[in-house]
Amino acid sequence: MPRATSERFSKAHQPSAKASSSKGHGETSAARNPIFNTERFGQHILKNPAIAQEIVDKANLRPTDKVLEVGPGTGNLTVRILEKAKHCTAVEMDPRMAAELTKRVQGKPEQRRLEIMIGDFVKAELPYFDVCISNTPYQISSPLVFRLLSHRPLFRVAILMFQREFALRLVAKPGSALWSRLSANVQLYAKVDHVMNVGKNNFRPPPNVESSVVRIVPLDPPPPVKFEEFDGLTRIVFSRRNKTVHASFQAKGVTEMLEKNWRTWCSEQNQMIEDDVNMKRKIEDILEETGYHESRAAKMDVNDLLKLLSAFHDAGIHFA
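Residues numbered from 1 in each chain as written. Predicted model: local features only at pLDDT ≥ 70, side-chain atom pairs only at ≥ 80, totals over all residues. Heavy atoms only, no water.

- Looking at an unreviewed UniProt entry, one finds the protein named rRNA adenine dimethylase and attributed to Artomyces pyxidatus.

Below you can see the structure in the form of structure tokens.
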């Protein structure tokens, strides 16, 4: 992953006035960012300094902290991070924004404590970090969360801004309208809290939706559950969240997939494979024995899902 320094940038990275004026995207010139093609990367620059300061304050940064910032844009959060932390690594997709951020700290003491990585966060090789702060580009919201939760060693806390509906799904509770596969998958590995709402007029250009900031604190130690297995189960039961779990397991292809996984497990464990195996009956028995046959994913909490997963594993049936 290329590292940005002040020497790497030149006027070639700046859009020409002609190019800027020719990009319509159905918006007026006043609605678009006048300097950068932010809509290309789904970015909206946070322009309210009070909101930027509050977001950084929520991280409770320490003088020894190394911070990972995703989507720094022109650096309105970055400069505040550098006031409190030991070091900041900023991952930015747009070279022109990275150039702007570089110029913002050039010749200042903060320059030595800032490293800019140009490229796709989802594919980047991440350094060690204690805290993550992000005004997240909408299109990488889910990949960002799961990339962070799978990172080792564990970070201490993440303060992340998302589209409000996505943020509310992260903090949703079982039985609520927004409780979903995303909610369960994230809350298996972390404690998630809603921190604050941020109105659309605090951004340039203003997005079409409102935003919210959440705090994610990973569970330490993390539960000894393979994400692929838990996600495989939630993919099935949340496919129709208001239907019974039994009905979800009746969906086309589910029985065949689980039987294939079971046969693979038996082979790896040198277990005898029954000639007349009835996988549908096996599934029915597990759902009845655990008491989840008539349960609905919309009201099942993480512990319920873990118990169900454990029962399938005890029978040698896996989801990944």
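## What about the nonpolar core?
Here comes step 1: Core analysis: the largest hydrophobic core is formed by 59 residues, its most contacted members being Leu148 and Phe249.
Here comes step 2: Per-element accounting of this core gives the leading share, six residues, to helix H12 (residues 302–314).
Here comes step 3: Counting 30 residues, the second-largest nonpolar core is a separate cluster that includes Ala59, Leu82, Cys88 and Ala98. (Core = buried A, V, L, I, M, F, W, Y, C linked by side-chain atoms within 4.5 Å. Buried < 20%, exposed > 50% of the residue type's maximum accessible area, 1.4 Å probe, protein only. Helix = DSSP H or I, 4+ residues; strand = E, 2+ residues; numbered from the N terminus.)

## What to know about the side chain of Arg241
Here comes step 1: By the element assignment, Arg241 lies in the loop between helix H8 (227–237) and helix H9 (245–249).
Here comes step 2: Although Arg241 is buried, it makes no salt bridge; Glu165 carries the closest opposite charge, 11 Å away.
Here comes step 3: At a separation of 3.0 Å, a polar atom in the side chain of Arg241 contacts the main-chain carbonyl oxygen of Trp179.
Here comes step 4: With residues up to four places along the chain from it excluded, the contact list for Arg241 reads Ser176, Ala177, Trp179, Arg296, Ala297 and Ala298. (Lys, Arg positive; Asp, Glu negative; His and termini not counted. Salt bridge = Lys/Arg side-chain N within 4 Å of Asp/Glu carboxyl O. Polar contact = N/O pair within 3.5 Å; in protein donor to acceptor, adjacent residues only side chain to side chain. Contact = heavy atoms within 4.5 Å.)

## With respect to unusual backbone geometry
Here comes step 1: With an omega of 5 degrees, the peptide bond between Arg152 and Pro153 qualifies as cis.
Here comes step 2: Note on placement: Pro153 falls in the loop between helix H5 (141–150) and strand E7 (157–163).
Here comes step 3: Along the chain, Arg204 connects to Pro205 via a cis peptide bond; the corresponding omega equals -5 degrees.
Here comes step 4: Position of Pro205 among the secondary structure elements: in the loop between strand E9 (203–204) and strand E10 (211–218).
Here comes step 5: The backbone of Asn60 shows a phi angle near 50 degrees, a positive value even though the residue is not glycine.
Here comes step 6: Inspection of the secondary structure assignment puts Asn60 in the loop between helix H2 (49–58) and strand E3 (66–70).

## Overview of helix H10 (residues 254–268)
Here comes step 1: The end-to-end C-alpha separation of H10 is 21 Å, in line with the 21 Å expected for 15 residues at 1.5 Å each.
Here comes step 2: All buried positions along H10 are accounted for by Val254, Thr255, Leu258, Asn261, Trp262 and Cys266. Along the long axis of H10, the arc covered by the buried residues comes to 140 degrees, so they all point the same way. Seen from the buried face of H10, the exposed residues on the opposite side, beyond 90 degrees, are Glu256, Lys260, Ser267 and Glu268.
Here comes step 3: Asn270 sits one or two positions beyond H10 and adopts a positive phi of about 55 degrees. (Expected span 1.5 Å × (residues − 1). Arc of directions from axis to C-beta.)

## Focus: the environment of Gln271
Here comes step 1: Topologically, Gln271 is positioned in the loop between H10 and helix H11 (279–290).
Here comes step 2: For Gln271, the contacting residues outside a window of four places in its chain are Trp265 and Cys266.

## Some words on the packing of aromatic side chains
Here comes step 1: One pass over the full model with this rule turns up eight aromatic pairs.
Here comes step 2: Taking 5.2 Å as the distance between ring centres and 80 degrees as the angle between the ring planes, the aromatic pair formed by Phe312 and Phe319 counts as edge-to-face.
Here comes step 3: By way of ring pairs, the aromatic residues Phe146, Tyr189 and Phe227 are connected into one cluster. (Phe/Tyr/Trp six-rings, centres within 6.5 Å; stacked < 30°, edge-to-face > 60°.)

## Details of the pattern of salt bridges
Here comes step 1: Overall, the coordinates contain ten salt bridges when judged by the stated rule.
Here comes step 2: The salt bridge partner of Arg96 is Asp94, with a shortest N-O separation of 3.2 Å.
Here comes step 3: A relative accessible area of 11% means that Arg96 is categorised as buried.
Here comes step 4: Its relative accessible area of 2% is what places Asp94 among the buried residues.
Here comes step 5: Residue Arg235 pairs with Asp231 through a salt bridge whose shortest N-O separation is 3.2 Å. Of this pair, Arg235 and Asp231 both sit in helix H8, four residues apart, roughly one helical turn.
Here comes step 6: Residue classification places Arg235 among the partly exposed residues on the basis of a relative accessible area of 49%.

## Details of the confidence of the model for the protein
Here comes step 1: In the predicted model, the protein carries a mean pLDDT of 88, and 87% of its residues have values of at least 70.
Here comes step 2: Here residues 1–42 is modelled with pLDDT under 50, and outside its nearest four sequence neighbours on either side it reaches 66 contacts, counting other chains as well. (pLDDT = per-residue confidence, 0-100.)

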